[in-house]
Amino acid sequence: MRWHIALLWLASGSAEDRADSIYNGLCNQGGESMSGDASPFNMLLGFGLLGLTVIVQAIFQFILLRVLERMPAPSRTRQASYYSVVYIFVAVSILSIGLMTEVNIWAALYYTWGNVGSYANAVYFSMASFTTIGASDVVSLSPAHRVVGAQEAGVGMLMFGWTTALLMEVIQ
């Protein structure tokens, strides 16, 4: 364990030196400054992807409505029938494909930036951001790109809310 190193560090130097060391460690992770590096271009790019995400969600809503129009509506009984389960499964599948498409759009951006390594890491990071879980355990964006990850978390909450509203409409 590293507790003995921490004790030696605490015993050496002045409190002011230790405070400076902690501050520098927090503000200069990976050699990059964390203050003010979010460029307006990245914020605009995030808003553009937000708009594209909304368009993709609307397209999959349109697909869902067209598919469900062609399927007979399930009977409105208290007992769930096999057909009503299939009907709901079709709706969930279409909307899930839409959400995964949206996640992959954001992942493609992260991958092109080169901060995430593999495309699988980009998808993982994007999915964790989209669901607002966060994925700093594996992938960390540069300070200039972090604002876009936060924008994805915001739009992800909206898209899951929209999807839930659509599914409630299908179920009722």
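What counts and what doesn't
- Here the residue index of a chain counts from 1 through its sequence in written order.
- Reporting in this predicted model follows two pLDDT cut-offs: at least 70 for local features of residues, and 80 or more for side-chain atom pairs to be given and counted; totals over whole chains, interfaces and linings ignore these cut-offs and use all residues.
- Excluded from the side-chain calculations are hydrogens and water; all other atoms, namely the structure's heavy atoms, are used.
- Each aromatic pair joins two rings of Phe, Tyr and Trp (for Trp, the six-membered one) with centres within 6.5 Å, and gets the label stacked for planes under 30 degrees apart, edge-to-face for over 60, and tilted for any other angle.
- We call a residue buried when its accessible area falls under 20% of the maximum for its residue type, exposed when it is over 50%, and partly exposed in between, using a 1.4 Å probe and counting protein chains only.
- Helix and strand labels come from DSSP, where a helix needs a run of H or I of at least four residues and a strand needs a run of E of at least two; each type is numbered from the N terminus.
- The axes used here are C-alpha line fits, helices contributing only the stretch in contact, and every angle between their N-to-C directions lies in the interval 0 to 180 degrees.
- Comment on the angle field: the value is read as roughly parallel under 35 degrees, roughly antiparallel over 145, roughly perpendicular from 65 to 115, and oblique elsewhere.
- A clockwise turn of the near helix away from the far one marks a right-handed crossing, whereas an anticlockwise turn of less than a right angle marks a left-handed crossing.
- Whether two residues touch is decided by their heavy atoms; if any such pair falls within 4.5 Å, the residues are in contact.
- All amino acids are sorted into three groups, where Ala, Val, Leu, Ile, Met, Phe, Trp, Tyr, Cys and Pro are nonpolar, Asp, Glu, Lys and Arg are charged, and the leftover types, Gly among them, are polar.
- Counted as positive: Lys and Arg. Counted as negative: Asp and Glu. His and the chain ends are not counted at all.
- In the sections that follow, a salt bridge refers to a side-chain nitrogen of Lys or Arg positioned within 4 Å of a carboxyl oxygen of Asp or Glu.

Student: Hey, could you run me through the packing of aromatic side chains in this one?
Tutor: When we look at a pair of aromatic rings, we describe it by the centre distance and by the angle of the planes. Applying the stated criterion across every chain, the model contains five aromatic pairs. Ring centres of tyrosine 111 and tyrosine 119 lie 5.7 Å apart, and the angle between their planes is 85 degrees; this geometry places the pair in the edge-to-face category. You can call tyrosine 119 partly exposed: its relative accessible area is 34%. Judged by centre distance (5.7 Å) and plane angle (65 degrees), the ring pair of phenylalanine 130 and phenylalanine 160 falls under edge-to-face. In this pair, phenylalanine 130 sits in helix H5 (residues 119-130) while phenylalanine 160 sits in helix H6 (residues 146-171), placing the two residues 30 residues apart along the sequence. Its relative accessible area of 1% is what places phenylalanine 130 among the buried residues. Judged by its relative accessible area of 32%, phenylalanine 160 falls in the partly exposed class. Every member of this aromatic cluster is reached through a ring pair, and the members are Tyr110, Trp113 and Phe125.

Student: Teacher, can you tell me more about the packing of helix H3 (residues 40-70) against H6 here?
Tutor: Working note: a packed helix pair is described by the angle between its axes plus the distance between those axes. Viewed as axis vectors pointing N to C, H3 and H6 meet at an angle of 15 degrees, and their least axial separation amounts to 10 Å. The orientation of H3 relative to H6 falls into the category roughly parallel. Both H3 and H6 take part in a crossing whose hand is right-handed. Between H3, through Asn42, Met43, Gly46, Phe47, Leu50, Thr53, Val54, Gln57, Ala58, Gln61, Leu64 and Leu68, and H6, the contact on the second element is made entirely by Val147, Val148, Gln151, Val155, Met159, Trp162, Thr163, Leu166 and Val170. Split into classes, the residues belonging to the contact of H3 with H6 amount to 14 nonpolar, seven polar and no charged.

Student: Looking at this model, I keep getting lost on the side chain of glutamate 102. Mind explaining?
Tutor: Examined against the element boundaries, glutamate 102 turns out to sit in helix H4 (residues 82-113). Despite its burial, glutamate 102 pairs with no opposite charge, the nearest such side chain being arginine 66 at 18 Å.

Read these as geometric descriptors, not functional statements.
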